[in-house]
Amino acid sequence: HLLFDHYQRLQPRDRSAVPALVVEIDEASLVAQGQWPWPRDRVADLVARILAGRPLAMGIDILFVEPDRLSPPELARRLPQLPGETLAGLPDPDRRLAQALAAGPTVLAVSGVAAALPTARPGGRSVSLVSRGGGGSEGLPAYGAALGSLPALEEAAAGVGLINTPPDRAGGDADLGVLRRLPLAGRIGDALVPALGLEMVRVALGAAALEAQSGLRGLETVGVGDYRLPTRADGQLLLHFGRLAPDRRVSAASVLDGSFAPAGFAGRFVILGLTGVGLVDQVLTPLGEKI
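Structural notes, computed from the coordinates. (Residues numbered from 1 in each chain as written. Predicted model: local features only at pLDDT ≥ 70, side-chain atom pairs only at ≥ 80, totals over all residues. Heavy atoms only, no water.)

1. A closer look at the overall build of the chain
Counting its secondary structure elements, the chain contains nine helices and 16 strands. A globule of 291 residues ought to have a C-alpha radius of gyration of about 19 Å, and the chain, at 20 Å, matches this closely. Counting the 291 residues in the chain, one finds 45% classified as buried. Put simply, 77% of the contacts in the chain that link residues at least 6 apart link residues at least 24 apart. (Helix = DSSP H or I, 4+ residues; strand = E, 2+ residues; numbered from the N terminus. Rg over C-alpha atoms; globule rule 2.2 N^0.38 Å. Buried < 20%, exposed > 50% of the residue type's maximum accessible area, 1.4 Å probe, protein only. Contact = heavy atoms within 4.5 Å.)

2. Quick look at the sheet that holds strand S4 (residues 128-132)
In space, the four strands of this open sheet follow the order S4-S11-S12-S13, with mixed pairing throughout. The sheet is open, and its two edges are formed by S4 and strand S13 (227-230), each paired on a single side. In this sheet, adjacent strand axes meet at a mean angle of 30 degrees when their direction is disregarded. (Pairing = 2+ DSSP bridges. Axes fitted to C-alpha atoms, helices over the stretch in contact; angles between N-to-C directions.)

3. Here we look at the packing of helix H3 (residues 40-51) against helix H6 (residues 93-101)
Any two packed helices are characterised by how steeply their axes cross, that is the angle between the axes, and by the distance between the axes. It is the contact of H3 with H6, at a shortest axis distance of 8 Å, that shows an interaxial angle of 10 degrees. In terms of axis orientation, H3 runs roughly parallel to H6. As for the relative orientation of H3 and H6, their crossing is left-handed in sense. On H6, the residues that touch Arg-40, Asp-41, Val-43, Ala-44, Asp-45, Val-47 and Leu-51 of H3 are Pro-93, Asp-94, Arg-96, Leu-97, Ala-100 and Leu-101. Looking at the contact of H3 with H6, its residues break down into eight nonpolar, no polar and five charged. (Parallel < 35°, antiparallel > 145°, perpendicular 65-115°, else oblique. Left-handed = near helix turned anticlockwise from the far one by under 90°. Nonpolar A, V, L, I, M, F, W, Y, C, P; charged D, E, K, R; others polar.)

4. Digging into the sheet that holds strand S9 (residues 185-188)
If you walk across this open sheet you meet the three strands as S5-S9-S10, and the pairing is mixed. Taken across any chain shown, the strands that pair with only one partner, and hence form the sheet edges, are strand S5 (142-143) and strand S10 (191-194). The sheet contact formed by S9 and S10 spans four bridges and is antiparallel. In the sheet register, Ala-185 faces S10, and the bridge partner there is Pro-194.

5. Points about the side chain of Arg-181
Looking at where Arg-181 falls in the secondary structure, it is placed in strand S8 (residues 181-183). Polar side-chain contacts of Arg-181 include one of 3.3 Å to the side chain of Gln-236. (Polar contact = N/O pair within 3.5 Å; in protein donor to acceptor, adjacent residues only side chain to side chain.)

6. Topic: helix H8 (residues 196-205)
Within H8, seven of the 10 residues are buried, which leaves it mostly tucked inside the rest of the structure. One or two steps after H8, the chain reaches Gly-206, where phi turns positive at roughly 70 degrees.

If you want it as structure tokens, here you go:
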């Protein structure tokens, strides 16, 4: 691990090209739009503005597990004194978000969990795997259940991608908690689910399946179309990090207020996620940066 980290510091990934942008729900966005979680119709507006720029694919690294608290069914449960005709006339924020997701190449996140949580499901959407070399997906991480978004939202999206990225928990103090690798796919029940980034590539290419090459020691590559990534035998990719670059990050506030034009998303991969303090966990990269 120490040698691997040393190599990365000597030669970090070149950031001169910007094929991917992160739209971050950061502190500025929370100040402008209010506390998280936002109403789903506001998230729908953000998704629509990004898709208006015609990105190659848009990944959403957020789980919409429960119904919007402002949806008519939830309001009826919390405020039973509201007249039925009033509730019937209210818009449904979850339906609005589903419509926005269906309008473009969107990929929602899903997290594999070992235990059956009350909000978890036994399986998920599956992608086919074309295997060469005699092996299959036996070495991929397997999860008993999935924690994802509402079924109506997942059905509206073009794909669903795995976001499990466990940091290293073995070794000395310098090794613990550092994110060095991620599984390119995993099994949730009987479903094969690609990693979020790889699923975005699959959706962008319009491919129907993942492809895997196996050797004597297990998996060697996983990819889609002509795009191949070398993996360890368990299907995990060792990550090559670059320094954090400001031109790869866009505040959601600037997208919603129009100061960042949708044309800036054209031909790029876009990931929407949370970076506001207190909203997410931070991980440490081999470069010593917390992200």
